[in-house]
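As a plain string of letters, each chain reads:
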Amino acid sequence: MKEQISEAIAAVIQQLVADGEVAQSFDKSIQVTRTKDASHGDFASNIALLFAKQVGKNPRELALSLSQHLTQSNVFDRVEVAGPGFINFFIAQKDQSQVMHKIFSQQRDYGKSELGRDQSVHIEYVSANPTGPLHVGHGRGAAYGATLANIYLENGFKVEREYYVNDAGRQMDILATSVWCRYLELCGSEISFPTNGYQGDYIWDIAATIHRQNATTYYVAPELFSAQLPPDEPQGGDKEVHIDALIDSAKQQLGEQGYSVFFNCAIDTILGDIKDDLHLFGVDYENWYSERSLFSSNKVTSAIAKLKASGHVYEDQGALWFASSQLGDEKDRVVVRDNGQPTYFASDIAYHADKFSKSYTHLINIWGADHHGYIARVRAAMQALGYDDKKLDVLLVQFANLYRGQERLQMSTRSGEFVTLRALRKEVGADAARFFYVMRKSEQHLDFDLELAASKSNENPVYYVQYAHARICSVLKQAQLEAFIKPSEESIQLLTQDSETGLMQKLADYEECVISCCHKQAPHLLVNYLRELAQRFHGYYNETQFIVDSEQVTRARCLLIQCVRQVLFNGLSILGVNAPEKM
């Protein structure tokens, strides 16, 4: 309906220009909003206030001129001017109720649009290092990314979802070496576990798997590799230097084949758990992209060579530097260290270059807010390679703070002190977790209240929305009208209560809400919509008897709540949340 009003206003402006009433057309977007007070109509626009100065007219005078033309449209029951020049639109009842015909005919397709026809979106999200189980901080990125992908699909885009697996580099070596140290302990060795190693119980589990399958095959006496190591932090040394030396020693003592046993078992186990956790959380991908594949396919080497050829790479003190400061970054970045090893940034350049080389119309990265500093350098690299970096949106997600009562729970992967996404899902359920994670803007901090999420009360927002759906199912079952009733004008005309017209208005807003979620990349707008729709239904339920002596009234009210049920189902489906029939 907002689009219809905007189009009607635009047509009137063109007519005023043609008639010579105004000298020029309006060059700004036409804003139409839903009114909060029914006495001010259904919709309002401040177009005359914005337009008046441009055409040299008094705002109220211009509003009156616009309203006189707009009144001739059969879309509106009436058009009124209020205050200094606001235009209020009252929608004719027959048009107000058209939403019920639309929902009946489209059902699950109601709310879908062709906004993204012939456009494709590549969306990469979560992409947590496979160095441990996913924790609740990762869960927010997973819920946001999966819901945003669903929103794009709902709006007609072709969507490819991807998880970038950081399965190369130093952190993976720290992981493999941590597993080897635990394996040695299982073999009876009393080694000193590195301060900078991964210490969670899952490291013991992986080590135990290798020990069961290989016994002491990969045992090395500690004195053979630890005597020459620099001291660790507890002994007054540097934990970073110590762990790097320990990695080198592990590779030397185990050899390539032996080291790969620990490396591959660690990543295969953890990545398998990540895939399982995400699937059970309702998050699936078309593609899992391996960082190691960038090296085996020479894409990293190729990207650096292209940057060299374009004059954007220089050598300094044995390292290769990308001159990103020339393209908007705060400083230049190392792409190849002085030891000849490419940096993580070199992999990122090759990965993004591979994405840009494909035919996607939109690229979206969803990163944790702590990666904010990476945006400028990635954009700079894409510019240097000749790509249009405006194709790339980088959306930041603040990690969620998890509370149990007044206690804030820790989420450090390295120390092993964290709450896993799996544990969260088991405690509060996937539905509550998915819903809570997207209740606020992604860039805002989120305090996740475990006790509220697990409660079965109206204070729990996901319970409140799901309960509305279950309540409707219960009413329809009692009325023996579970199958969708075909709307008729006779039955719709019986829906005259303010709560009924209010529900029809809210149902009509759903299509625009889904489009707005896409434009603004903001799933929380859909959450807000569903909570408001549920609130209106619960109010209607508390004040209205649905099954009455008049069969026509009963059918009319059941038709209305069937439409509410369908929209609740559609919206919850986008969020990846179930719509239960019983609670």
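We now turn to the structure provided with this report. Per-chain numbering applies: the sequence of each chain, read as written, is numbered from 1 onward. The model is predicted, so local features are restricted to residues of pLDDT at least 70 and side-chain atom pairs to those at 80 or more, both for listing and for counting; the totals for chains, interfaces and linings are taken over all residues. Water and hydrogen atoms play no part in the side-chain values, which are based on all heavy atoms of the structure.

## Observations concerning the packing of aromatic side chains
We describe a pair of aromatic rings using the distance from one ring centre to the other and the angle between the two ring planes.
Step number 1: Any two rings among Phe, Tyr and Trp, with Trp reduced to its six-membered ring, count as a pair given centres within 6.5 Å; such a pair is stacked if its planes are under 30 degrees apart, edge-to-face if over 60, and tilted if neither. Within this structure, the stated rule accounts for 24 aromatic pairs.
Step number 2: Relative to phenylalanine 484, the ring of phenylalanine 104 lies with its centre 5.5 Å away and its plane at 80°, an arrangement referred to as edge-to-face. Separated by 380 residues along the polypeptide, phenylalanine 104 in helix 5 (residues 98-106) and phenylalanine 484 in the loop between helix 18 (461-478) and helix 19 (489-492) bring together distant segments of the chain.
Step number 3: Taking the relative accessible area as the measure of exposure, phenylalanine 484 reaches 18% and is therefore buried.
Step number 4: Taking 6.2 Å as the distance between ring centres and 90° as the angle between the ring planes, the aromatic pair formed by phenylalanine 281 and tyrosine 437 counts as edge-to-face. Of this pair, phenylalanine 281 sits in the loop between helix 10 (239-280) and strand 7 (287-290) while tyrosine 437 sits in helix 16 (residues 430-437); the two residues are 156 residues apart in sequence, bridging distant segments of the chain. Exposure class is identical for phenylalanine 281 and tyrosine 437. Each is buried.
Step number 5: Among the aromatic residues, those joined into a cluster by ring pairs are Tyr125, Tyr163, Tyr285 and Trp288.
Step number 6: Between the NZ or CZ atom of arginine 182 and the centre of the ring of phenylalanine 193, over which it lies, the distance is 3.6 Å.
Step number 7: When the NZ atom of lysine or the CZ atom of arginine is within 6 Å of a ring's centre and also within 35 degrees of its normal, the charge is said to sit over that ring. Cation over ring: arginine 377 sits above tyrosine 374, and NZ or CZ is 4.3 Å from the ring centre. Strands are runs of DSSP state E lasting at least 2 residues, helices are runs of H or I lasting at least 4, and numbering of each runs from the N terminus. Note on classification: 1.4 Å probe, protein chains only; a residue is buried when its accessible area is under 20% of the maximum for its type, exposed when over 50%, partly exposed between these limits.

## Section: helix 7 (residues 170-186)
Step number 1: Expected helix span is given by 1.5 Å per residue-to-residue step, counting one fewer step than there are residues. Between its terminal C-alpha atoms helix 7 stretches 24 Å, which fits the 24 Å expected from 17 residues at 1.5 Å a residue.
Step number 2: Most of helix 7 sits out of view: 14 of its 17 residues are buried.
Step number 3: One or two residues past the end of helix 7 sits glycine 188, with phi positive at roughly 105°.

## Here's the deal with the side chain of lysine 355
Step number 1: Within the fold, lysine 355 resides in helix 13 (residues 344-356).
Step number 2: Throughout, a contact is declared for two residues whenever any of their heavy atoms are within 4.5 Å. Each residue touching lysine 355, except ones within four places of it in the same chain, is listed here: His122, Glu124, Glu162, Tyr360, Leu363 and Asn365.

## Things to note about the pattern of salt bridges
Step number 1: The salt bridge criterion pairs a side-chain nitrogen of Lys or Arg with a carboxyl oxygen of Asp or Glu, the two atoms within 4 Å. Within this structure, the stated rule accounts for 19 salt bridges.
Step number 2: Of the charged contacts in the structure, one is a salt bridge between aspartate 354 and lysine 299, with a shortest N-O distance of 3.3 Å. A residue pair is termed long-range when its members are at least 10 positions apart, and aspartate 354 in helix 13 and lysine 299 in helix 12 (residues 299-309) qualify at 55 residues.
Step number 3: On the accessibility criterion, aspartate 354 (10% relative accessible area) is buried.
Step number 4: Two residues, arginine 333 and aspartate 329, come together in a salt bridge whose shortest N-O distance is 2.7 Å.
Step number 5: Of the residues examined, arginine 333 reaches a relative accessible area of 9% and is grouped as buried.

Shape is all these values report; function is a separate question.
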